Amino acid sequence: AAPAPPPAAPGSFPPFQAWNKNGLQIEFACTKDASNPSVTAIEASFTSAQPTPLTGFNFQVAVPKYMKLQMSPASSSTVPPSNSGKVTQTFKVANSMHGQKPVLLRIKIDYSAGGQAVSEQGQVDNFPPGI
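Considerations on the sheet that holds strand β5 (residues 67–71)
One open sheet holds the five strands; their spatial order is β1-β2-β3-β6-β5, and the pairing between them is antiparallel. The open sheet has two free edges, formed respectively by β1 (16–21) and β5, since each of these has just one partner strand. Averaged over all pairs of adjacent strands, the angle between their axes in this sheet comes to 25 degrees, without regard to strand direction. Relative to strand β6 (residues 87–95), strand β3 (residues 36–48) is paired through eight bridges, and the arrangement is antiparallel. Its bridge partner being in β6, Val 39 is matched across the sheet by Ala 94.

Following this line, the structure appears as structure tokens:
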């Protein structure tokens with residue numbers, strides 16, 4: 001018998017900006033699970049243009065009922081100032097309605113900047129087609 005062909009490489013998508021407010025930028029880079037197209041791995045990258053570091057940084061994601069979420073811890077709880085470095089956090093979403101309903105995330109961001117506590121919430125719905 002002929003050997004089975006190697007599995008196709010998971011599809012990856014160009015990074016896109018998911019959030020930009022008060023100098024904080026979040027980029028999402030998405031890759032698809034080759035064996036299960038309803039699963040998307042997302043690496044979020046956080047950079048800050050603010051002159052002071054963002055400390056106590058906490059990024060949370062909520063998904064609609066038709067999706068499942070698995071979060072990994074962030075690489076750091078401090079985002080460096082002046083775009084001098086980035087913090088990354090990966091998470092996976094499984095969309096039980098893949099192909100019928102889009103991937104949709106609600107995000108919550110908490111941090112302190114220059115002694116001021118900041119809490120932001122928003123929605124990310126600008127995923128590339130095919131996610």
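Things to note about the side chain of Ser 45
Note that Ser 45 resides in strand β3. What makes Ser 45 buried here is its relative accessible area of 12%. The contacts of Ser 45, once residues within four sequence positions are left out, are Gln 25, Ile 26, Glu 27, Lys 86, Val 87 and Thr 88.

Focus: the pattern of salt bridges
Within this structure, the stated rule accounts for two salt bridges. Lys 21 serves as the salt-bridge partner of Glu 120, at 3.1 Å between the closest nitrogen and oxygen. Of the two residues, Glu 120 sits in strand β8 (residues 116–124) while Lys 21 sits in strand β1, which places them 99 residues apart along the sequence. For Lys 21, a relative accessible area of 39% translates into the label partly exposed. Lys 108 is the partner of Asp 110 in a salt bridge, and the nearest nitrogen-oxygen pair spans 3.0 Å. When its relative accessible area of 18% is taken as the criterion, Asp 110 is described as buried. Judged by relative accessible area, Lys 108 falls into the partly exposed class, the value being 29%.

What counts and what doesn't
- Residues numbered from 1 in each chain as written.
- Predicted model: local features only at pLDDT ≥ 70, side-chain atom pairs only at ≥ 80, totals over all residues.
- Heavy atoms only, no water.
- Pairing = 2+ DSSP bridges.
- Helix = DSSP H or I, 4+ residues; strand = E, 2+ residues; numbered from the N terminus.
- Axes fitted to C-alpha atoms, helices over the stretch in contact; angles between N-to-C directions.
- Buried < 20%, exposed > 50% of the residue type's maximum accessible area, 1.4 Å probe, protein only.
- Contact = heavy atoms within 4.5 Å.
- Salt bridge = Lys/Arg side-chain N within 4 Å of Asp/Glu carboxyl O.

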